[in-house]
Amino acid sequence: MSPVNILIVGGGGREHALAWKLAQSPRAGCIWCAPGNGGTDACNPNPGAPIANVDLAETDFAGLIAFARQEQIGLMVVGPEAPLADGIVDAFEDAGLRVFGPTQRAAQIEASKAFAKAFMDRHAIPTGRYATFDDHAAALAHLRAVTYPVVIKASGLAAGKGVIVPETLQKAEDALHQIMIERAFGDAGAEVLIEERLTGPEVSLLAFSDGRTIIPMPPAQDHKRELDGDLGPNTGGMGAYAPAPWVTERDLAAWTRTILQPTVDGMRREGIPYKGILYAGLMLTPDGSKVLEFNCRFGDPETQVILPLLESDLLDILTACTEERLAETEVRWRDGAAATVVAASGGYPGSYARGLPITGMEDAGAIPGAAVFHAGTRRDDDGTLLTNGGRVLAVTGIGPTLDEALITAYRGIHAIRFDGMHYRRDIGKGACPAAPARERKATVSSAYRDAGVDIDAGARAIELMKDAVCATYGPEVLLGIGAFGGLFDASALKAMAAPVLVASTDGVGTKTKIAAMLGHYDSIGQDIVNHCINDILVQGARPLFFMDYIAMAKLDPVMVAEVVRGCAEACRLAGCALLGGETAEMPGVYAPGEFDLVGTIVGAVERERIIDGGRITPGDAVLGLASNGLHTNGYSLARRVLADADLATTPDGHNITLGDALLAPHRNYLREVETLEGAGVDIKGLAHITGGGLIDNPPRILPAGCALRLDRGSWPAPPLFELIQQLGGIDSLEMARVFNLGLGMLVVTLADQTDAALSALGQDAWCVGEIVARGDGPAVEFDHD
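Residues numbered from 1 in each chain as written. Predicted model: local features only at pLDDT ≥ 70, side-chain atom pairs only at ≥ 80, totals over all residues. Heavy atoms only, no water.

(A) Inspection of the overall build of the protein chain at higher detail. In terms of regular secondary structure, the protein chain is built from 25 helices and 34 strands. Relative to its length of 785 residues, the protein chain is compact, with a C-alpha radius of gyration of 31 Å against a globular reference of 28 Å. C-alpha atoms of the protein chain, sized along the principal axes, occupy 100 × 65 × 55 Å. Across the protein chain, every contact between residues at least 6 apart in sequence was considered, and the portion connecting residues at least 24 apart equals 75%. Entry remark: accessible area of the protein chain is about 32,000 Å², with carbon and sulfur atoms responsible for 50%. Charge-centre separation for the protein chain: the mean point of 64 positive side chains lies 5 Å from the mean point of 99 negative side chains. (Helix = DSSP H or I, 4+ residues; strand = E, 2+ residues; numbered from the N terminus. Rg over C-alpha atoms; globule rule 2.2 N^0.38 Å. Contact = heavy atoms within 4.5 Å. Areas by Shrake-Rupley, 256 points an atom, 1.4 Å probe, with all protein chains shown as cover. Lys, Arg positive; Asp, Glu negative; His and termini not counted. Charge placed at Lys NZ, Arg CZ, Asp CG, Glu CD.)

Next comes the structure, spelled out in structure tokens:
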């Protein structure tokens with residue numbers, strides 16, 4: 001069978017997802033997207049069929065038809081609603097070309113909300129009460145007469161934004177004026193609907209239709225509002241997940257029987273066969289499930305979570321729909337769930353900049369179970385990926401459970417950066433509790449839960465983190481996660497002549513507030529482990545095992561799992577077991593959204609190899625090992641200074657966003673110390689630069705009669721410190737007492753070993769000072785002018 005060349009009309013995330021899925025078909029030939037985006041550009045490698053863009057607008061029907069004939073297109077797939085409403089399917093069919101999508105008359109089900117409501121009335125499809133008007137005075141009179149809360153809708157297409165939910169009668173009247181008189185949505189507002197405002201959870205139910213048979217897809221939930229907590233203005237969609245975990249097979253069958261099939265049958269009886277995607281926006285009210293609206297195409301971002309769950313060949317399904325043989329075509333879905341998070345331009349859904357460089361795409365795409373779908377992107381002449389729209393891209397995570405899919409999606413979104421980037425941090429949160437009471441599974445009444453503590457959420461967090469934690473275990477771990485206490489076989493210490501255990505407990509501090517603000521938690525898991533490793537490393541110890549403690553007002557299993565996975569990764573890299581920990585839910589102790597993160601580490605060192613600074617003498621050299629930012633210190637001051645700063649922007653002279661700079665994980669210096677030891681360097685002292693900065697930490701290792709003289713010009717500091725100093729008007733001495741200023745660890749060694757030490761370490765290490773005899777001056781001599 002010859003390959004099928006495919007033309008996809010559109011240039012958003014939906015179209016990229018369609019191209020991505022169709023390229024997996026063994027029958028797919030070349031795939032073109034008109035006009036496409038940076039993800040469908042030919043310079044973007046694709047594991048399946050080749051994908052490329054063609055510079056044709058979705059409104060250029062003649063150009064698209066000519067291109068289809070030239071390239072022998074076997075199937076055209078239309079993504080957006082506007083060309084469908086304008087009759088692109090009719091034009092292609094008249095030209096004798098195969099196209100997937102509804103005709104212009106069938107597309108009225110979305111293009112005219114008035115048509116859709118009247119159609120639902122005629123065919124007894126459940127929906128809310130409504131009235132349609134093309135006269136402002138009549139609409140205003142009806143508005144003042146109704147006794148129920150209302151929603152005001154422009155009847156025509158308004159790019160998903162023609163719906164206003166007023167909270168008062170005055171705001172409803174203002175909405176009518178805005179739509180009908182001011183024409184805020186153009187001709188789409190020539191006719192308006194005043195609808196009954198329904199309440200309950202919403203669900204997006206998409207289905208394949210060949211005009212007779214209809215097969216539903218996994219139900220999805222979209223997040224329309226811009227901000228967390230469903231606040232802010234409506235958008236085209238900031239994220240979604242599928243399947244909705246509280247929708248049962250019985251629900252799906254009932255919706256197919258009472259909504260989807262009657263719609264397809266009704267359209268056919270009215271002489272308008274409906275072929276394509278039928279998308280019902282449902283609300284599960286206390287009075288039953290009702291249709292909010294119909295769409296005539298794949299949703300965006302619903303497509304990005306539904307298609308990754310499709311196991312069957314999408315090309316076969318779409319072809320079957322055009323040939324009215326869907327009933328004989330297998331449509332099979334994989335187990336598990338998918339979740340997508342949209343990264344939007346700064347200012348969206350209002351005005352926003354274009355042409356900003358995007359980084360981190362390869363890192364995001366390399367995460368197992370993640371797929372990155374472009375939307376508002378383009379490539380420069382040299383292939384550089386740039387922003388080119390409001391919704392820039394979406395990262396979809398696929399996993400065996402919704403929680404795991406969300407973790408993967410957020411890992412991917414955290415890897416991507418562009419100036420002004422923003423995204424919702426609560427996609428999928430509360431997915432199960434959103435189910436109406438009549439549809440929830442029976443649960444045991446819990447007074448403890450009523451008091452604000454959810455034991456089940458803790459169990460779910462353990463399930464999500466256990467694989468990452470267990471990956472740190474060796475044979476010496478006898479009992480770990482889930483046990484009352486961890487068991488660690490210390491028999492390996494018998495190989496040591498005089499083993500000494502070294503322990504440390506510390507916390508991340510107010511850096512957690514930055515993590516919560518940005519919704520990025522895995523780096524602080526690395527922070528606490530690496531901080532504790534450095535605390536015992538300065539005494540020569542190597543880590544054996546680590547335990548974490550997380551406390552918060554309301555347990556968020558996905559967030560906890562992300563923190564602990566960061567802990568696990570740091571432990572794994574250091575050869576340290578993450579033995580277990582504790583998660584405490586304490587409503588009333590912590591404010592909503594706040595949490596604390598603490599860790600305890602235990603290591604061991606031979607007694608004769610303990611590093612305590614006792615051998616330090618004047619004349620010794622002091623080496624500085626680079627930090628990669630604030631580590632975990634000084635955040636109370638940094639937050640005050642940067643309180644009004646936009647953390648999503650990249651300040652002048654910086655190469656990463658301010659948020660990324662603040663969340664750069666605390667380094668540990670285990671490898672550097674081992675490198676120095678392997679090179680035969682005599683390490684006389686180690687100082688971990690934590691709270692107290694460069695002034696108050698070094699004296700902790702200096703013997704009596706010794707002081708440290710630091711040469712401030714001998715090392716470069718990350719630009720973040722200069723920014724904090726300038727914005728806060730902070731003098732240099734205070735900066736040195738609060739921050740590490742670019743040095744995370746100081747190493748004291750023999751002066752004549754300086755060159756050998758720096759040669760072994762390579763980059764990011766400098767000779768920054770020397771040990772001098774201490775007179776009446778301070779323990780640290782620091783040029784702070």
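(B) Quick peek at the nonpolar core. L7, I88, F92, F546 and I724 are the most contacted members of the largest nonpolar core, which has 174 residues in total. No other element matches helix α18 (residues 557–574), which puts 11 residues into this core. In this structure L7 touches W32, A34, V54, L64, F67, I73, L75, M76, V77 and F92, once residues within four positions along its chain are discounted. By size, the runner-up hydrophobic cluster in this structure holds 41 residues, among which are A28, A242, V305 and L315. (Core = buried A, V, L, I, M, F, W, Y, C linked by side-chain atoms within 4.5 Å. Buried < 20%, exposed > 50% of the residue type's maximum accessible area, 1.4 Å probe, protein only.)

(C) Expanded view of the sheet that holds strand β30 (residues 685–688). One open sheet accounts for 6 strands, arranged β30-β32-β29-β33-β31-β34; its pairing is mixed. Taken across any chain shown, the strands that pair with only one partner, and hence form the sheet edges, are β30 and β34 (780–782). Across the sheet, the mean angle from the axis of one strand to that of its neighbour is 25 degrees, orientation sign disregarded. With 5 bridges connecting them, strand β31 (residues 706–710) and strand β33 (residues 765–773) associate as antiparallel partners. Opposite R709, over in β33, you have E770 as the bridge partner. The sheet strands contacting helix α17 (residues 522–537) are β30 and β32 (743–749), and the helix crosses β30 at an angle near 150 degrees. (Pairing = 2+ DSSP bridges. Axes fitted to C-alpha atoms, helices over the stretch in contact; angles between N-to-C directions.)

(D) Focus on the sheet that holds strand β28 (residues 595–606). Strand order in this open sheet of 4 strands is β25-β28-β26-β27, and the pairing throughout is mixed. Every other strand in the sheet has two partners, leaving β25 (499–507) and β27 (577–585) as the edge strands with one partner each. Along the sheet, successive strands turn relative to each other by an average axial angle of 15 degrees, direction set aside. In terms of strand pairing, strand β26 (residues 542–552) meets β28 through 10 bridges, oriented antiparallel. Counterpart to Y549 in the pairing with β28 is V598. Strands β25, β26 and β28 of the sheet are contacted by α17, whose axis makes an angle of about 35 degrees with β28.

(E) A look at the packing of aromatic side chains. Inspection of every chain in the model, using the stated rule, returns 9 aromatic pairs. Here the aromatic rings of F115 and F119 are separated by 6.2 Å at their centres, their planes lie at 20 degrees, and the arrangement is stacked. One end of the pair is F115 and the other is F119, both in helix α6 (residues 113–122) and 4 residues apart, which spans about a single turn. The ring centre of F115 lies 6.0 Å from the NZ or CZ of R122, which sits over that ring. The lysine or arginine in question, R425, covers the ring of Y423, its NZ or CZ lying 4.7 Å from the ring centre. (Phe/Tyr/Trp six-rings, centres within 6.5 Å; stacked < 30°, edge-to-face > 60°. Lys NZ or Arg CZ within 6 Å of the ring centre and 35° of its normal.)

(F) Just helix α21 (residues 670–678), in detail. Of all the positions in α21, only L670, E672, V673 and L676 are classed as buried. The buried side chains of α21 occupy one side of the element, clustering within an arc of 170 degrees when seen end-on. Opposite the buried face of α21, by more than 90 degrees, sit the exposed residues R671 and G678. One or two steps after α21, the chain reaches G680, where phi turns positive at roughly 80 degrees. (Arc of directions from axis to C-beta.)

(G) Examining the pattern of salt bridges more closely. One pass over the full model with this rule turns up 36 salt bridges. Between E311 and R332 there is a salt bridge whose closest N-O contact spans 3.0 Å. Within this pair, whereas E311 is found in the loop between α10 (302–306) and α11 (314–322), its partner R332 is found in the loop between α11 and β18 (337–344), the two being separated by 21 residues in sequence. Overall, R332 belongs to the partly exposed group, its relative accessible area being 34%. Overlapping salt bridges bring together R542, R609, E674 and E677 as one network. (Salt bridge = Lys/Arg side-chain N within 4 Å of Asp/Glu carboxyl O.)

(H) Here's a closer look at the confidence of the model for the protein chain. When pLDDT is averaged across the protein chain, the result is 89; 94% of the residues are at 70 or more. Of all the helices and strands in the protein chain, helix α14 (residues 447–450) carries the lowest mean pLDDT, 48, while strand β5 (residues 99–100) carries the highest, 98. Confidence over residues 432–445 falls short of pLDDT 50; this stretch has 18 contacts with residues more than four positions distant or in other chains. (pLDDT = per-residue confidence, 0-100.)

(I) Structural view of the state of the cysteines. Within this structure, the stated rule accounts for 0 disulfides. Free of any disulfide, C30 has its nearest neighbouring cysteine sulfur in C33, separated by 12 Å. With no disulfide partner, C296 has as its closest neighbouring cysteine sulfur the one in C321, 15 Å distant. (Disulfide = S-S within 2.5 Å.)

(J) Expanded view of the side chain of H123. Residue placement: H123 occurs in the loop between α6 and β6 (130–133). According to the relative accessible area criterion, H123 is buried, its value standing at 16%. In this structure the side chain of H123 is engaged in a polar contact, spanning 2.7 Å, whose partner is the side chain of E270. Apart from the residues lying within four places of it in its own chain, the contact partners of H123 are G266, R269 and E270. (Polar contact = N/O pair within 3.5 Å; in protein donor to acceptor, adjacent residues only side chain to side chain.)

(K) Spatial organisation of the environment of K684. Tracing the backbone through its elements, the reader meets K684 in the loop between α21 and β30. Judged by its relative accessible area of 8%, K684 falls in the buried class. Not counting the four nearest positions on each side in its chain, K684 is found in contact with I611, G613, R615, I616, T617, D620, V748 and L750.

(L) The arrangement of the pairing of strand β10 (residues 202–210) in detail. Burial within β10 is extensive, with 8 of its 9 residues counted as buried. Examined bridge by bridge, β10 and strand β11 (residues 214–216) share 3 bridges and lie antiparallel to one another. Across the sheet, F208 pairs through a bridge with I215, a residue of β11. If you look at the hairpin formed by β10 and β11, you'll find 3 residues sitting between the two strands, and G211 has a positive phi there, around 100 degrees.

(M) Region of the structure containing the side chain of S204. Looking at the element boundaries, S204 is found in strand β10. The buried category is assigned to S204, whose relative accessible area is 6%. A polar atom in the side chain of S204 sits 3.1 Å from the side chain of Y279. Excluding anything up to four places from it in sequence, S204 contacts P219, A220, D222, Y279, A280 and E302.

(N) Here's a closer look at the packing of helix α7 (residues 136–145) against helix α8 (residues 169–181). Closest axis-to-axis distance for the α7/α8 pair is 11 Å, and the angle between their directions is 160 degrees. Relative to α8, the element α7 is oriented roughly antiparallel. Crossing of α7 against α8: the hand is right-handed. Mapping the contact onto sequence places H136, A139, L140, L143 and R144 in α7 and L169, A172, E173, L176, H177, M180 and I181 in α8. Per-class residue counts for the contact of α7 with α8 are 8 nonpolar, 2 polar and 2 charged. (Parallel < 35°, antiparallel > 145°, perpendicular 65-115°, else oblique. Left-handed = near helix turned anticlockwise from the far one by under 90°. Nonpolar A, V, L, I, M, F, W, Y, C, P; charged D, E, K, R; others polar.)

(O) The environment of G412, seen in detail. When you line up the elements, G412 lands in helix α13 (residues 402–415). Considered as a pair, G412 and I367 are 45 residues apart in the sequence and their alpha carbons are 6.8 Å apart. Each residue touching G412, except ones within four places of it in the same chain, is listed here: A364, I367 and V395.

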